[in-house]
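So the chains spell out like this:
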Amino acid sequence: MLDAATAESLRAGLASTPPEISSKYLYDDHGSELFEKITYLPEYYQTRTEIGILGERADDIIAAGRTHELVELGSGAGRKIRFLLEALVRKNANPKLTLFEINELFLTQSADKIRADFPQVEVRGVVGDLTTDMERVGRGDGRMFIIFGGTFGNFPPGKGDGFLKSLVAQMGENDTLLLGADIVKDPAILEAAYNDSQGVTAEFNLNTLNGFNALTGANFDTGNFEHRAFFDTDHEWIEMRLRATAPNTVTVPALDMTLDFKPGDEIRTEYSCKYTRESLGRRVAAAGLGVDDWFADADNRFALALLRLRTD
Ligand code: SAH
Ligand code: AVI
């Protein structure tokens, strides 16, 4: 049985133009495995670029953050946090780590692995939805919040700003936020990253419908839809969509809805915003944050931006 708030947000998504299903439904257990596969694809440069930056700059990032506790949001498999943990352990004998994730299986597995490898670190796992449960993180100070992998880009301006505000509400004045940002670049490189030749991203995208069916009792047939991803140059974001390839009708018992699709009709399943240092600064300013530091790779493909609460 769906709770009223979830039902309401699903209905609102489906009523928009084009209809939307939130990208958080990409991450059931199968979707989380598919995302892990994406991170190793030749076209998907983001993960290896970000890991390269962490390998070279982890000590600088920890020094700039002046922190004793890391809080990773949307932690997934928890591969990247290890670089910062190693740097933090070099400076602080008993640091703390909180992992916050919507997928409980991935959270438990990654927290257990980190506990085994870093016995001196106090590890806390929090299952929650970044869009509704930020208060579960709790208030504190001197912490570094981290959103790796461009996940922040999956919260588009406007609709995604509530999340940023609820995060800022948990931040003490000496807390920082380290944001992974995929940098605006040649659309051909961006579009290839979301239309890989092995079709893994297509499978990941189509899996949204399986997640939606499981949640609502709907009868979407993935065979009636195809993957589409394109760069919107005006908004500087990638959109993933699912396009109907045949006329079909879907019933959604939990929402008491029937959806009719004709060939060509689309459902938006993800935004992935791309940034420059300036455009990220403009985006976060309304939430009271400013970009303090910018750690990019030599080819300017990806950056880790260190943000602080602005005092001016
Ligand atoms: N940080 C990892 C994983 C990125 S994938 C990396 O950089 O490789 C995005 C992660 O965010 C997934 O693990 C997904 O389960 C999680 N996620 C997506 N939407 C979320 C939400 N609304 N609340 C909490 N976690 C979410
Ligand atoms: C998790 N997030 C940053 C990925 C992205 O690139 O926006 C999700 C993804 N979607 C398609 N491929 C990967």
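The structure contained in this document is the topic of the report that follows.

### Some thoughts on the overall build of the protein chain
Within the protein chain, the regular secondary structure consists of nine helices and 12 strands. The C-alpha atoms of the protein chain give a radius of gyration of 19 Å, which matches the 20 Å a tight globule of 312 residues would have. For the protein chain, the spread of C-alpha atoms along the three principal axes comes to 60 × 45 × 40 Å. Looking at the protein chain as a whole, 54% of its 312 residues qualify as buried. Residue pairs at least 24 apart in sequence account for 72% of intrachain contacts in the protein chain once pairs closer than 6 positions are excluded. As displayed, the protein chain has an accessible area near 13500 Å², and 49% of this comes from carbon and sulfur atoms. Both charge centroids of the protein chain, one from 33 positive and one from 49 negative side chains, sit 4 Å from each other.

### Here we look at the packing of helix H4 (residues 81-91) against helix H5 (residues 104-117)
It is the contact of H4 with H5, at a shortest axis distance of 12 Å, that shows an interaxial angle of 30 degrees. By the angle between their axes, H4 is roughly parallel relative to H5. Of the two possible hands of crossing, H4 and H5 adopt the one that is right-handed. Between H4 and H5, the contacting residues are Ile-81, Arg-82 and Leu-85 on the first element and Lys-113, Ile-114 and Asp-117 on the second. For the contact of H4 with H5, a count of residues per class yields three nonpolar, no polar and three charged.

### Describing the layout of surface pockets
Of the pockets and cavities examined, the second largest pocket occupies roughly 150 Å³. Residues belonging to the lining of the second largest pocket are distributed by class as follows: four nonpolar, two polar and three charged.

### As for the sheet that holds strand E7 (residues 237-244)
Taken in spatial order, the three strands of this open sheet run E6-E7-E10, and their pairing is antiparallel. Two strands lie at the open edges of the sheet, namely strand E6 (225-232) and strand E10 (266-273), each paired on one side alone. Taking each pair of neighbouring strands and ignoring which way they run, the sheet shows an average axis angle of 20 degrees.

### Description of the side chain of Arg-283
Structurally, the position occupied by Arg-283 is in helix H9 (residues 277-285). A polar contact is formed between the side chain of Arg-283 and the backbone oxygen of Phe-155, at a distance of 2.9 Å.

### Observations regarding the site of ligand 1
Taken together, 16 residues lie around ligand 1, and Gly-74, Lys-80, Glu-101, Asp-129 and Leu-130 are the ones closest in. Between an oxygen atom of ligand 1 and a main-chain N or O atom of Gly-76, the distance comes to 3.5 Å. With respect to ligand 1, the side chain of Glu-101 contributes an N or O atom lying 2.4 Å from an oxygen atom. For ligand 1, whose free accessible area comes to 560 Å², the fraction covered by protein is 94%. A class-by-class count of the residues in the shell around ligand 1 yields five nonpolar, six polar and five charged.

### Regarding the site of ligand 2
For ligand 2, the set of nearby residues contains 15 residues, the closest of which are Tyr-44, Gly-149, Tyr-194, Glu-270 and Ser-272. The side chain of Glu-270 places a nitrogen or oxygen atom 2.8 Å from a nitrogen atom of ligand 2. Contact between ligand 2 and Ser-272: an oxygen atom at 2.6 Å from a side-chain N or O atom of the residue. About the coverage of ligand 2: the protein hides 98% of its 340 Å² of free accessible area. Elements supplying a minimum of two residues to the shell around ligand 2: helix H2 (29-38), helix H8 (200-216) and E10. Here the shell around ligand 2 is composed, by residue class, of seven nonpolar, seven polar and one charged.

Reading the values: the criteria
Residues numbered from 1 in each chain as written. Chains lettered and ligands numbered in written order. Predicted model: local features only at pLDDT ≥ 70, side-chain atom pairs only at ≥ 80, totals over all residues. Heavy atoms only, no water. Helix = DSSP H or I, 4+ residues; strand = E, 2+ residues; numbered from the N terminus. Rg over C-alpha atoms; globule rule 2.2 N^0.38 Å. Buried < 20%, exposed > 50% of the residue type's maximum accessible area, 1.4 Å probe, protein only. Contact = heavy atoms within 4.5 Å. Areas by Shrake-Rupley, 256 points an atom, 1.4 Å probe, with all protein chains shown as cover. Lys, Arg positive; Asp, Glu negative; His and termini not counted. Charge placed at Lys NZ, Arg CZ, Asp CG, Glu CD. Axes fitted to C-alpha atoms, helices over the stretch in contact; angles between N-to-C directions. Parallel < 35°, antiparallel > 145°, perpendicular 65-115°, else oblique. Left-handed = near helix turned anticlockwise from the far one by under 90°. Nonpolar A, V, L, I, M, F, W, Y, C, P; charged D, E, K, R; others polar. 1 Å grid on protein atoms, 1.4 Å probe; cavity = no way out; pocket = protein on both sides within 12 Å on 5 of 7 lines; lining within 4 Å. Points joined across faces, edges and corners; volume = space filled by probe spheres on them. Pairing = 2+ DSSP bridges. Polar contact = N/O pair within 3.5 Å; in protein donor to acceptor, adjacent residues only side chain to side chain. Near = heavy atom within 4 Å.

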